[in-house]
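This is what each chain is made of:
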Amino acid sequence: MTGRTDRTLLGRLRHLYGDVFALLYLAVCAGITVWAFAVSAGENEDASLAGVIPLLATAPASLFLVSLPGGIGMFLLAVVVGALVNAAVIGWCSRRLRRGPAH
């Protein structure tokens, strides 16, 4: 049937994050988060601010969550939630722009 929406969880996730730009954004966020952990893992004489980059890439949602106590777990949760929120917005914008002007 045409015009019918997929109401399953997988269908809703595909609708939110199925756009190529949203997936590319999620891949970049995952890459910079892995990079930040790799840079910060070694013993450095000077402090590394690499953890700021994933937070800025996933702002504004990540900035609200990172202020809560919880250490590394809250940092990861903030980055993941921020990336998912932003990817959903990017996907919505991409679909809307491809649709063209409303007549």
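Quick notes on the rules
- Residues numbered from 1 in each chain as written.
- Predicted model: local features only at pLDDT ≥ 70, side-chain atom pairs only at ≥ 80, totals over all residues.
- Heavy atoms only, no water.
- Axes fitted to C-alpha atoms, helices over the stretch in contact; angles between N-to-C directions.
- Helix = DSSP H or I, 4+ residues; strand = E, 2+ residues; numbered from the N terminus.
- Parallel < 35°, antiparallel > 145°, perpendicular 65-115°, else oblique.
- Left-handed = near helix turned anticlockwise from the far one by under 90°.
- Contact = heavy atoms within 4.5 Å.
- Nonpolar A, V, L, I, M, F, W, Y, C, P; charged D, E, K, R; others polar.
- pLDDT = per-residue confidence, 0-100.
- Salt bridge = Lys/Arg side-chain N within 4 Å of Asp/Glu carboxyl O.
- Buried < 20%, exposed > 50% of the residue type's maximum accessible area, 1.4 Å probe, protein only.

Let's talk about the packing of helix α2 (residues 20-41) against helix α5 (residues 72-99)
Where α2 meets α5, the closest approach of the two axes is 8 Å, and the angle between their N-to-C directions is 160°. As the angle between them shows, α2 and α5 are arranged roughly antiparallel. The way α2 lies across α5 gives a crossing that is right-handed. Of the residues in α5, those touching α2 at Phe21, Ala22, Tyr25, Leu26, Cys29, Thr33 and Phe37 are Ile72, Phe75, Leu76, Val79, Gly82, Ala83, Leu84, Asn86, Ala87, Ile90, Gly91 and Ser94. Split into classes, the residues belonging to the contact of α2 with α5 amount to 14 nonpolar, 5 polar and no charged.

Things to note about the confidence of the model for the protein chain
Of all residues in the protein chain, 89% have pLDDT values of 70 or greater, and the mean over the chain is 86. Taken element by element, the predicted model of the protein chain shows its lowest mean pLDDT in helix α1 (residues 9-17) (77) and its highest in helix α3 (residues 52-57) (94).

Considerations on the packing of α1 against α5
At a closest axis distance of 7 Å, the pairing of α1 and α5 adopts a crossing angle of 75°. Relative to α5, the element α1 lies roughly perpendicular. Together, His15, Leu16 and Tyr17 of α1 and Leu84, Ala87, Ala88, Gly91 and Arg95 of α5 make up the contact between the two elements. In terms of residue class, the contact of α1 with α5 is built from 5 nonpolar, 2 polar and 1 charged.

A look at the pattern of salt bridges
Following the criterion strictly, the structure yields 1 salt bridge and no others. Residues Asp19 and Arg98 are paired through a salt bridge, measuring 2.0 Å at the closest nitrogen-oxygen approach. Of this pair, Asp19 sits in the loop between α1 and α2 while Arg98 sits in helix α5, placing them 79 residues apart in sequence. Residue classification places Asp19 among the buried residues on the basis of a relative accessible area of 8%. Residue classification places Arg98 among the exposed residues on the basis of a relative accessible area of 56%.

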